[in-house]
Protein chains: 4
Amino acid sequence: MANSRFEYVKQYERMDRLLPETYIVIRIDGKGFHKFTKKHEFEKPNDLRCLSLMNAAAKVVMSEFTDIVLAYGDSDEYSFIWSKSTELYERRESKLVSHVCSLFTSAFVFNWTRYFDIPLLSLPSFDGRAVLYPSIFVLRDYLNWRQADCHINNLYNTTFWALIQKGGLTNTKAEEYLKGTVSSQKHEILFSQFHINYNNELEIYKKGSIWVRELEENESAPSKHQKYSTKQKRKMGLRLLHVSIIDNEFWNTRPYLSILLN
Amino acid sequence: MANSRFEYVKQYERMDRLLPETYIVIRIDGKGFHKFTKKHEFEKPNDLRCLSLMNAAAKVVMSEFTDIVLAYGDSDEYSFIWSKSTELYERRESKLVSHVCSLFTSAFVFNWTRYFDIPLLSLPSFDGRAVLYPSIFVLRDYLNWRQADCHINNLYNTTFWALIQKGGLTNTKAEEYLKGTVSSQKHEILFSQFHINYNNELEIYKKGSIWVRELEENESAPSKHQKYSTKQKRKMGLRLLHVSIIDNEFWNTRPYLSILLN
Amino acid sequence: MANSRFEYVKQYERMDRLLPETYIVIRIDGKGFHKFTKKHEFEKPNDLRCLSLMNAAAKVVMSEFTDIVLAYGDSDEYSFIWSKSTELYERRESKLVSHVCSLFTSAFVFNWTRYFDIPLLSLPSFDGRAVLYPSIFVLRDYLNWRQADCHINNLYNTTFWALIQKGGLTNTKAEEYLKGTVSSQKHEILFSQFHINYNNELEIYKKGSIWVRELEENESAPSKHQKYSTKQKRKMGLRLLHVSIIDNEFWNTRPYLSILLN
Amino acid sequence: MANSRFEYVKQYERMDRLLPETYIVIRIDGKGFHKFTKKHEFEKPNDLRCLSLMNAAAKVVMSEFTDIVLAYGDSDEYSFIWSKSTELYERRESKLVSHVCSLFTSAFVFNWTRYFDIPLLSLPSFDGRAVLYPSIFVLRDYLNWRQADCHINNLYNTTFWALIQKGGLTNTKAEEYLKGTVSSQKHEILFSQFHINYNNELEIYKKGSIWVRELEENESAPSKHQKYSTKQKRKMGLRLLHVSIIDNEFWNTRPYLSILLN
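Residues numbered from 1 in each chain as written. Chains lettered and ligands numbered in written order. Predicted model: local features only at pLDDT ≥ 70, side-chain atom pairs only at ≥ 80, totals over all residues. Heavy atoms only, no water.

The name that an unreviewed UniProt entry assigns to chain A is tRNA(His) guanylyltransferase, with the source organism given as Schizosaccharomyces osmophilus. Per UniProt, chain A has the following entry under Function (unreviewed entry): "Adds a GMP to the 5'-end of tRNA(His) after transcription and RNase P cleavage." Under the heading Catalytic activity (unreviewed entry), UniProt records this for chain A: "a 5'-end ribonucleotide-tRNA(His) + GTP + ATP + H2O = a 5'-end phospho-guanosine-ribonucleotide-tRNA(His) + AMP + 2 diphosphate + H(+)". (UniProt positions renumbered as here; feature names shortened; annotations may be inferred.)

Explain the overall build of chain A to me, please; I cannot follow it from the model alone.
In terms of regular secondary structure, chain A is built from eleven helices and six strands. Pairs at least 24 apart in sequence give 75% of the contacts found in chain A among residues at least 6 apart. As displayed, chain A offers around 12000 Å² of accessible surface, 49% of which is attributable to carbon and sulfur atoms. For chain A, the distance from the average position of its 35 positive side-chain charges to the average position of its 31 negative side-chain charges is 3 Å. (Helix = DSSP H or I, 4+ residues; strand = E, 2+ residues; numbered from the N terminus. Contact = heavy atoms within 4.5 Å. Areas by Shrake-Rupley, 256 points an atom, 1.4 Å probe, with all protein chains shown as cover. Lys, Arg positive; Asp, Glu negative; His and termini not counted. Charge placed at Lys NZ, Arg CZ, Asp CG, Glu CD.)

I'm lost on unusual backbone geometry in this one. Help?
Across the chain, the bulk of peptide bonds are trans and the bulk of non-glycine residues have phi less than zero. In the segment running from Lys44(A) into Pro45(A), the intervening peptide bond is cis, with an omega of 5°. Counting through the fold element by element, Pro45(A) comes out in the loop between helix H1 (33–39) and helix H2 (48–64). A positive phi is found at Glu41(C), a non-glycine position, where the angle reads about 50°. Looking at the secondary structure, you find Glu41(C) in the loop between helix H1 (33–39) and helix H2 (48–64).

What is the right way to read the UniProt feature "binding site: Mg(2+) 1" (unreviewed entry) in chain A from this model?
Residues and elements named next belong to chain A. When the UniProt feature table is mapped onto this chain, "binding site: Mg(2+) 1" (unreviewed entry) is found at Asp29, Gly30 and Asp76. A stretch of 48 residues holds the annotated residues, and the largest C-alpha distance among them is 5.8 Å, short enough that they meet in one place. Counting through the fold element by element, Asp29 comes out in strand E1 (residues 23–30). Look at Asp29 and you get partly exposed, because its relative accessible area is 22%. The residues contacting Asp29, other than those within four sequence positions of it, are Asp76, Glu77, Ser125, Phe126 and Asp127. Tracing the chain through its elements places Asp76 in the loop between strand E2 (68–74) and strand E3 (77–82). Leaving out residues up to four positions away in the same chain, Asp76 has contacts with Ile28, Asp29, Gly30, Phe33, Met54 and Phe126. (Buried < 20%, exposed > 50% of the residue type's maximum accessible area, 1.4 Å probe, protein only.)

When you look at the relation of the copies chain D and chain C in this model, what are you seeing that I'm missing?
Two copies of the chain are present, and they differ by a rotation about an axis and a shift along that axis. When chain D is fitted to chain C, the best match, at an RMSD of 0.0 Å, comes from turning it 180° and sliding it 0.0 Å along the axis. Both copies are brought into coincidence by an operation consistent with a two-fold rotation axis. The residues that chain D uses at the interface reappear at the interface of chain C in 100% of cases, marking a shared surface. (Least-squares fit on C-alpha atoms with pLDDT ≥ 70 in both.)

What is the right way to look at the relation of the copies chain A and chain B in this model?
When chain A is fitted to chain B, the residual RMSD is 0.0 Å, and the transformation amounts to a turn of 180° plus an axial shift of 0.0 Å. Both copies share a contact surface, since 100% of the interface residues of chain A are interface residues in chain B too.

So what exactly am I meant to see when it comes to the sheet that holds strand E5 (residues 209–214) of chain B here?
One key point about sheets: their strands pair by backbone hydrogen bonds, in either a parallel or an antiparallel sense. Residues and elements named next belong to chain B. The strand order across the open sheet built from six strands is E4-E1-E3-E2-E5-E6, with neighbouring strands paired in antiparallel fashion. Looking along the sheet, the strands with just one partner apiece sit at the ends: strand E4 (126–133) and strand E6 (237–241). Going across the sheet, the axis of each strand differs from the next one's by a mean of 20°, ignoring polarity. Relative to strand E3 (residues 77–82), strand E2 (residues 68–74) runs antiparallel, the two sharing six bridges. In the strand pairing of E3, Asp74 is matched with Glu77. In the packing of helix H2 (residues 48–64) onto the sheet, contacts are made with E2, E3, E4, E5 and E6, and the angle to E3 comes to roughly 20°. (Pairing = 2+ DSSP bridges. Axes fitted to C-alpha atoms, helices over the stretch in contact; angles between N-to-C directions.)

I tried to follow the interface of chain A and chain B on my own but got confused; where do I start?
Note: interface size is frequently given as the accessible area lost on complex formation between the parts. The interface is formed by 52 residues belonging to chain A together with 52 residues belonging to chain B. Both sides together, the interface formed by chain A and chain B hides about 4600 Å², and carbon and sulfur atoms give 61% of it. Interface area lost by chain A to chain B is led by Phe6(A), Leu123(A) and Trp145(A), which between them contribute 13%. Inspection of the chain A/chain B interface yields eight salt bridges. One salt bridge connects Lys95(B) with Asp127(A), and the closest N-O pair in it is separated by 2.6 Å. Counting across the chain A and chain B interface gives 22 residue pairs in polar contact (both at pLDDT 80 or more). Those elements giving two or more residues to the side of chain A that touches chain B turn out to be helix H3 (93–110), strand E4 (126–133) and helix H5 (136–165) of chain A. The element best represented in the side of chain A that touches chain B is H3(A), accounting for 14 residues. For the side of chain A that touches chain B, the residue count by class is 28 nonpolar, eleven polar and 13 charged. (Buried area = accessible area lost by both parts, 1.4 Å probe. Salt bridge = Lys/Arg side-chain N within 4 Å of Asp/Glu carboxyl O. Polar contact = N/O pair within 3.5 Å; in protein donor to acceptor, adjacent residues only side chain to side chain. Nonpolar A, V, L, I, M, F, W, Y, C, P; charged D, E, K, R; others polar.)

Help me understand the UniProt feature "binding site: GTP" (unreviewed entry) in chain A in this model?
All names here are of chain A. Feature annotation in UniProt places "binding site: GTP" (unreviewed entry) on Asp29, Gly30, Lys31, Gly32, Phe33, His34, Ser75 and Asp76, given in this structure's numbering. Tracing the backbone shows His34 in helix H1. With respect to the helices and strands, the residue Ser75 is situated in the loop between E2 and E3. By relative accessible area, Ser75 is classed as partly exposed at 43%. Ignoring sequence-local partners within four residues, the contact set of Ser75 consists of Leu51 and Met54. At 3.5 Å, the side chain of Ser75 and the side chain of Asp76 are in polar contact.

Where do I start with the sheet that holds strand E2 (residues 68–74) of chain D in this structure?
All names here are of chain D. Taken together, the six strands give an open sheet; going across it, the order is E4-E1-E3-E2-E5-E6, and neighbouring strands pair in antiparallel fashion. Two strands lie at the open edges of the sheet, namely strand E4 (126–133) and strand E6 (237–241), each paired on one side alone. This sheet shows a mean twist of 20° between the axes of neighbouring strands, independent of strand direction. Packing against the sheet, helix H5 (residues 136–165) makes contact with strand E1 (23–30), E2, strand E3 (77–82), E4 and strand E5 (209–214), and its axis sits at approximately 20° to E1.

Any chance you could explain the interface of chain D and chain C here in plain terms?
On the chain C side, the residues contacting the 52 residues of chain D number 52 residues. Summing the contributions of chain D and of chain C, the shared interface buries around 4600 Å²; its carbon and sulfur component is 61%. Between the two partners, chain D and chain C, sit eight salt bridges. Counting residues per element, the side of chain D that touches chain C draws most heavily on helix H3 (residues 93–110) of chain D, which supplies 14 residues. Within the side of chain D that touches chain C, the residues separate by chemical class into 28 nonpolar, eleven polar and 13 charged.

Whenever I open this one, the side chain of Ser94(A) confuses me. Can you help?
Relative to the helices and strands, Ser94(A) is located in helix H3. Not counting residues within four places of it along the chain, the set of residues in contact with Ser94(A) comprises Asp16(A), His99(A), Glu93(B), Gly128(B) and Arg129(B).

Okay, here's the thing in structure tokens:
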């Protein structure tokens, strides 16, 4: 029973190296979370316990992979933004995507009881994908896309659930009611009918969550062409924010991010 | 803040549909399990608790995905063999690999306490990959490769740890002692020095684990060109075996497998 | 000026090896042939000179690559069917597709004057693609698809041009006239209005062209598990046919084809 | 004989869209040119007729595809640099590579007699590949790599053939003689033994050939964020250069190139 006789089957494996010097975004999404949230009686429109658990799981991923520079999460999804020069796993797509997805899941299940009183009644799982962006400009538009999406969904959901929970409408009626309405009309419905000022909603709901590496106070950024060592990255803090990532301010106040991303 | 302004970034996503009518093998592997097993004081050369937990996690995956026909596991890896006609997720590679990997991880963490007294001290994670095989012949050689690998590794590990645990050798000395030895010599060392008949070792150690769908007793196989419906697949039993998958007998006694695989 | 300083750019090249043991079909298509045929005053609906030139170019390709077993051509396209075990250029997709396409073009331009009195007034060119088929069954359906397509197009074109050339209709009127007609109606139009029995049209128009390797008369096929050597393949004849490739007869009378394709 | 019955085979085709907003380099190489040059008695170390024919063929390609901004050729290879925003053929890799390769071949064969007295005795052919570069910096290093390669090969070949043609050495002896020599030593051999000042060799041999689009004299470059229209590109001149593309001067004197490349 020589092993070598069968080893030829390895030739069917494909080398799936991602294009070098290109930003890698790995986005994971909850599978079947509609059913999962129902079974575990999630609060609507947002469940702060789940968002906190998602953020805790994302922190584990960022702690493990120092080449991830920042991450953006909302609802049951999270996007991890990698330095374009990462050579982890020789940039092999399957390895990167599956490991991130697995570690996130591991942390999500392990930490469940820290955030929920109700025990896990079914197994949560996520899928993932990698997308490549060749320039910081398009990468930022990717993040803008996710944050804009968060806002649009949250405004809709906040109004939708107000109509149901406070307005006594059925799901179908609420859906019909909102059909074709624009942002300003949803703001108006919330304010005039339910005395809710959308602007006062929690920032985590409106902006989503951003994990970003931060310099220690007395630490100075390396000069433009310098790189941070893995050791330096490990020593950096991880900070959770719920701010606009679309505005330039986020980027302007963190010039070292472009060094980390390079 | 129109969302559509940023939506163009979706064009950077790639369609990674796997070649139709080809067997998909998804293999997952434990990440950094050397360290993980040390921290959780795994028994050597094999830890039955962990193998049982791996098998329990694999069962969850097979229960979820009815297009997986059988699975083979050994040590910290598991291979899932899909019907070549599966159209799940439009056969998109990232989705299939990451979801299998995530669900397996979820089940592994969730069920940990059912098998271990020691609590989880660090997070386990897995990576995954998909490999395509165009014919049943090569697919079987893939399974043969994994089972032959299991045997070779187990014989080595059994002898290696006997030399250490019963023979009092250091790891380095044991390694040197075994360098260049062939199978028969390892059998001889086990028997003459430690009175261990390798053939009497547990089948789960020597053969690994096979999950396979099984017909109910009174169920008849569909004729050659028929297909099993998803409902029929769900009703099938799942059976755990520790037998030779290299021998024809495994296949000859289960003619319905070729229908499930097609 | 050390070369090595720049050589890192080679890392951006991607290994595009096609899945082993899978049939490779390389299909090339004329680019902008509508304009090209007008400029060179091609006969309608079929120009025998061009079909003959296409066949001559395809023969050059088959003579160069002994791992091509057969080829099917019609109009301005040609499909080359490779043995599934070919390892030419390590099965690298770009190399295979571009070289076939280039050699075909080279032969087409070089041999133009053997078939046309009119000189080349603009440069002909072709594009190509590779498609993988994992089983002989689907591969045959690929060939069936192309030959069925040839028949459908030819019946339409024959009727369309009869309406114009003999019936005095304009292109637009002929198009309108044929809109929605089925096969039998086109046969009827040809016969009743123009006394053309479609069945008597040239087989090369109705069936397209097939290049196939053929055994010498006194040569015996190798037994099932034998392979033909490259030398044997070179010695085989190349035969041009205009027959049904959909019917089993083509395959049944050439049992050695399955050996060549394997 | 419904066509649709077989049309499912199209599902096996793969969408091979190249990552957007990334520079595409398509490089073609002569196949078996060692034999081809011998058969057609090419002059050594460089055959000006062939280089001129290569340049003529490359001009045809650049005239056809206005999204190619510049091209670099040397020996039997040519690299075509595309605007990173090209959407030709939806950026499908096979189509782009094979069509460029085919058109180049077509022009090469068609124009042969304009440059050679000797008729074509065997068919020339080329293969091609696409490589993606995500930044202008790496793209320039790609071009630097090819031009540095041209210089290194030409210095070697010039010395090698001087040793044979003027020094009376055999090929083997000349090879041995040059083994391990550095640039300066080759310069010295040429000068002291054969009175050849390498610096006086033709620039086309030392630098290779560059096709670049050029502005008409009275044409002003569009402002930074403007784009040239296809019509404007068609009206641009095509200029053949044999200069350093490694030096900044080439790029500094042509600021509009960065607009064309974007």
